[in-house]
Each structure stands twice: as structure tokens, then as C-alpha cells.
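Next come the chains, spelled out residue by residue.
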Amino acid sequence: MSYDYPMFELGWQRALLWASFILFLGSLLLRQESAITQDLGRHLRLGEMIVAGDSRKCALYSNCLTYTYPDYPFINHHWGSEVIFYLIHKWSGFSGIIVFKAVVLGLAFAITLLHSLELNKGQAFLKRPGLLWLAVTITLVFLSVQMMADRLTTRPEIFGYLLFSLLFLLLNSSFQKRHFSLFLASCSLLIALWVNLHISFIFGLILIYLWSFSTLIKKGPALRRKAGPYQTIDAPSIPTILAIPTISTIITLLNPSGLRGALMPLSILKDYGYTIVENMTPFFLTAFKPQPEYWIYGTLLITTIALFLFSSAKKDPFHLLTFLTFSLFPLIAVRHLPFFALMVVPVLTPLIAVKFRPAERGPASQDKLPIIASGCLLIAALTNPIPLAYGKLSPIGLAIDSRHNSAVEFVKQNNPKGKMWNNYDIGSFLEWAIPEHKTFVDGRPEAFPVGFFQKTYIPMQENKEVWDRVATDYDIQWIFAALTDSTPWFIKWWKMIQSHQDWRIVYIDNYSAVLVRINGNNNLIEPQGRAKLLKISD
């Protein structure tokens, strides 16, 4: 793909726009890593086990990091991401992971931006006022970023974002006609990588099926189709069109779990016995707290629908089908909102391009918008890169969230004996921080029976008698609790356990608490029932 319009001329306004955009992305993505206290710790531990080889089967197929259900079958659908994260951490520490995450997400946003510019490069009116159009497109990408504010930490799905934006660009180009064999190989390679990196590979398959269906729709009696908004090339044959989704579907079998891994996206939520925020709907979450990113989603959704109905721009069937499909997924679960955000900008830009003809906008307005866009990006970069989103960003830096480190050091120094109980929020972190102690639960609902959460984990926090019975059944000797847990059952449990006659706090700060059982296996309690080593940290 080549750029035959002066989008990259070294005019000072153009340079300012690109510099502002790059600075904005840097200030957004080069942040202290908060995911270490969520799932990143577990990803690092499992990646280490896979690379080591001796525990590879455990890491790929079972819930062996916990002692409650160590043999429960589990399909590790993001094992490749875990290996990558572990190797980067081994070679360059957490600073390397943060930089790597910034590069992956930055590429996803950059591809989305360049994709939108590429779709409109043939417009005659864009050959001169490309600066204006660059400002408009960057502004739309800025709105796209706001919708992804809650998903910008280091997690396997960042590979899904990059591969989605890359595949969408590939399917929208005329590359498939000019170099079909290479196009087929590229699609196959992307899916083969994706199925081993994250479960969102299903969205790649959906894109390919939508492309195939729309291409069949566009085939006329003369077997001709539109390669892009502004050039016509011969259409591929029907067998050729159908080969892409067929081969891509077969390639999803190339994962350690074979057919079960390929079908995992269709069944994973059936095994969720525990409700997590990312699987809720925007309607539910908006009722509890303001969510500006959902208003952005609604605004872009309505705007794009209106333009599909009333814009004079030529409508691409592939864009229409993709928009209708990926507009629905965020309504099912907010974790799918980033894929809408990456899709909507390339779909929206051809529809609004006709509004920027030179006859309708004078030179003064063309000069002002790039300066305004640059100024807004610079202000956001220096203050808050997500001013339109509810989420709060970590401070700028190449460090990790250290809120629970003091409690971990206390555990390492005193080495409590016996089985540990922990709450859901902190389990994955503990599997990395103190791997010698198996966890009670971690952040993988699909790795436990549904009944575990509904009949054991939640009830034992809501009822003292149930807690005593489960603690006895599992022979729990000590507790590592994350006080950041805001679930109603944990709040009730925390109030109960502080006055429980069998348990004493030996460490507490604003984020964590360590408790041991009186007359248990640990020597941290005096005969009078007082804690020997009670430590209260700020």
C-alpha cells in the first residue's frame, strides 16, 4: 500500500499533529503497571511453567495453581501471551513489559489511524487538505482511546487488539486481488497466532466471514466488485472467496487443546460461576456510576447509523456488516467495547469525508482545526490522556503497583505454615509473589466448577458457620486478604473475621491484611490470644 498524497509532508502543522499524537500515546501507555495485582502475576507464573517444560501440562490443561481444584480441567487459551510476557520479564523486567505493552497498543492505534487515512486517500479533495483530514481522523482515534480506557493494562487481549486492527486493514485493502496467495497466507498466519494468544480470535474469524459474505454480495453478473471506495478490480471467484473463511476456521485447530480450544469462545461464559465487571452490560454499570465511555459509544453508534442512512458517500457492504455486528457485542459485555472502538473509526471516516470538501470549508477553518486538535492532544498528554473516561490512570513510569508488597514481605519473613485462604481479587498476584503457597482461588472463574463460587466461596464470606465449616474442611491456617475488594460478601466477611474468636490479625495496612488461626500451625499467637508480630503499616 502506498501513500500518493502529501499526508507526511514536513509542514509545521503536520509535524505538530504527529508529535502531539505520539506524545499523547506515550503519556497514555507508559504508565506504572497495575495489572500485576490482577491477572499479570498469574500469567508470568504460567509462562514460566510452560517455558520450564516440567510443569507444562499443568499450566496448559488444569487449575494446578490452587489447592481447592488442582485437577479441574482448564483450557489455557492465552498460553502464547504468557510465554511472551514471561520471556520479556526475564530479559528486561517490568520496565520491558510496560514498554512492550505500549508498543503493541500504540501499533493498534496507529494502524487504525493509517487504515482510516488509506480508505480516503483517493479522494481528490484530500490531496491538498490532507492536513485537515489528518486532524479529523486523529480526533476520532482520540475518542476511540477513551472507550478503551479500562483495558489498557498488560493483558493477553492486547494482542487481540493489534491483530484485529491489522486484519481489518488487510481485508479492507485491494491486496487480496493483487497477491491472493500472500493474502491467504497472511490471514492464515494472523489467525494461527491469534488462537494461541487470546480467546478473542473469534472476532478475527467473524471479520473474515463478514468479508466473505459481503464480497459475495458485491459480485455482479460480470464478476466484478469494488476493491475500495475509489477503484474497481476483477472479483475473485466464489471458491476463492470461500477458501479464506474455510482455511481460517481449520487453522484454529492449531492450538494445544485442538478442537476444544477452537470452540472455547462459544462455551467459556457457561462455566463462569462468578460475576466480574468486564462481563457486565453497559446498562447495568451505568446505573451504579457515571461511565462517559459508554456515552461516547452511544454517540458514535448513533452518528454512524445516521450517516449510513443519510450520507451521500458510497456505502461499503463489508463496513455495514462489520459495524452492525461489532456494535452489538458491547451490549452483551463491556469487555468487547475496545473492538468496537478499533472498528468504528475506519468505518466512520469514509461516511463523513464528503463533509470536508474545499468548497464547503474555507482555508481559515482548515488551518484552525489541526492547531486545535494538536493543542487538545498536548493538554491531554500533560494532564489526563483519558479526560472523557471514568477510569483513573496509574502514574507515569516503568514500575509496578506496589500496594501489596509490604504484606508479601511480611509473609516471606515469617513464613506462615499450612494452607492459605485468599479472596478472588488477590489470588493471581499471590501465585506470582509467593508461589510456594498455593491459592484458595484466583482470577479464572472458568477454572473452577460453577458451584464452587455459588456454594462455597461466596457463602463462606456471608455466613460465619459456613466459614468455620469450610475453613475446617480445607484445614485453612492463615489468610492473605486484599482489602481493596469491594464486593458485599467480602465487606461482610471482613467485619466478621475481625471479631472472630479463632482468628487474629498479624499484619494490616491500607491494602492488605494477614491473619492466622489461634492454636493453629503457626507460632505468631501468644497463649493469651494476642498476635506476637502484629504489624500495622501505613
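Our structure is the block above this text.
Below: a short report on this structure. (Residues numbered from 1 in each chain as written. Predicted model: local features only at pLDDT ≥ 70, side-chain atom pairs only at ≥ 80, totals over all residues. Heavy atoms only, no water.)

1. Some thoughts on the overall build of the protein chain
Phase 1 of the analysis: Across its full length, the protein chain carries 23 helices and seven strands.
Phase 2 of the analysis: In the protein chain, which comprises 538 residues, the proportion classed as buried is 57%.
Phase 3 of the analysis: When the accessible surface of the protein chain is split by element, carbon and sulfur atoms take 63% of a total near 22,900 Å². (Helix = DSSP H or I, 4+ residues; strand = E, 2+ residues; numbered from the N terminus. Buried < 20%, exposed > 50% of the residue type's maximum accessible area, 1.4 Å probe, protein only. Areas by Shrake-Rupley, 256 points an atom, 1.4 Å probe, with all protein chains shown as cover.)

2. Regarding the pattern of salt bridges
Phase 1 of the analysis: Tallied over the entire structure, the rule returns eight salt bridges.
Phase 2 of the analysis: The partner of R444 in a salt bridge is D442, with the nearest N and O atoms 2.8 Å apart.
Phase 3 of the analysis: Classification of R444 as buried rests on a relative accessible area of 2%.
Phase 4 of the analysis: The class of D442 is buried, set by a relative accessible area of 0%. (Salt bridge = Lys/Arg side-chain N within 4 Å of Asp/Glu carboxyl O.)

3. Examining helix α8 (residues 180–197)
Phase 1 of the analysis: The end-to-end C-alpha distance of α8 is 26 Å, a good match for the 26 Å that 18 residues give at a rise of 1.5 Å each.
Phase 2 of the analysis: All buried positions along α8 are accounted for by F183, L184, C187, S188, L190, I191, W194, V195, N196 and L197. (Expected span 1.5 Å × (residues − 1).)

4. Things to note about the pairing of strand β4 (residues 476–482)
Phase 1 of the analysis: Summarising burial for β4: seven of the seven residues are buried, a large majority.
Phase 2 of the analysis: Examined bridge by bridge, strand β3 (residues 419–422) and β4 share four bridges and lie parallel to one another. From the neighbouring strand, N422 faces β4, where its bridge partner is F480.
Phase 3 of the analysis: Judged from the five bridges that link them, β4 and strand β6 (residues 512–517) form a sheet pairing that is antiparallel. Directly across from A481, in β6, lies its bridge partner A513. (Pairing = 2+ DSSP bridges.)

5. A word on the nonpolar core
Generally speaking, a soluble globular protein has its nonpolar side chains buried in company with each other.
Phase 1 of the analysis: If you look at the biggest cluster of nonpolar residues, it comprises 119 residues, and the most contacted ones within it are F109, F340 and F480.
Phase 2 of the analysis: In terms of nonpolar packing, the next biggest core, distinct from the first, is built from 38 residues, I75, W421, Y424 and Y457 among them. (Core = buried A, V, L, I, M, F, W, Y, C linked by side-chain atoms within 4.5 Å.)

6. Quick look at the packing of helix α9 (residues 201–218) against helix α10 (residues 238–251)
Phase 1 of the analysis: Axis separation between α9 and α10 bottoms out at 9 Å; the angle between their running directions is 170 degrees. The orientation of α9 with respect to α10, classified from their angle, is roughly antiparallel. Between α9 and α10, the contacting residues are L205, I208, Y209, W211, S212, T215 and L216 on the first element and I238, I241, L242, I244, P245, S248 and T249 on the second.
Phase 2 of the analysis: Of the residues belonging to the contact of α9 with α10, the class tally is 10 nonpolar, four polar and no charged. (Axes fitted to C-alpha atoms, helices over the stretch in contact; angles between N-to-C directions. Parallel < 35°, antiparallel > 145°, perpendicular 65-115°, else oblique. Contact = heavy atoms within 4.5 Å. Nonpolar A, V, L, I, M, F, W, Y, C, P; charged D, E, K, R; others polar.)

7. Some remarks on the environment of A19
Phase 1 of the analysis: With respect to the element layout, A19 can be found in helix α1 (residues 12–29).
Phase 2 of the analysis: On the basis of relative accessible area, A19 is assigned to the partly exposed category, the value being 45%.
Phase 3 of the analysis: As for A19 and L377, which are separated by 358 residues in sequence, their C-alpha atoms are 9.5 Å apart.

8. Things to note about the packing of helix α6 (residues 157–172) against helix α15 (residues 317–332)
Phase 1 of the analysis: Put simply, α6 and α15 touch, their axes get as near as 12 Å, and they point 155 degrees apart. By the angle class used here, α6 and α15 are roughly antiparallel. In terms of crossing hand, the pair formed by α6 and α15 is right-handed. Of the residues in α15, those in contact with F164, F168, L171 and N172 of α6 are F318, H319, T322 and F326. (Left-handed = near helix turned anticlockwise from the far one by under 90°.)

9. Digging into a nonpolar patch on the surface
Phase 1 of the analysis: On the surface, a nonpolar cluster with roughly 380 Å² of combined accessible area is contributed by L30, V99, V103, L107 and L398.
Phase 2 of the analysis: The residue L30 is located in the loop between α1 and α2 (40–52) in this model.
Phase 3 of the analysis: Using a relative accessible area of 31% as the deciding quantity, one classes L30 as partly exposed. (Patch = residues over 30% accessible without salt bridge, like charges linked within 9 Å, V, L, I, M, F, W, Y side chains within 5 Å.)

10. Digging into the side chain of S27
Phase 1 of the analysis: Within the secondary structure, S27 is located in helix α1.
Phase 2 of the analysis: You can call S27 buried: its relative accessible area is 8%.
Phase 3 of the analysis: Not counting residues within four places of it along the chain, the set of residues in contact with S27 comprises A381, P385 and I396.

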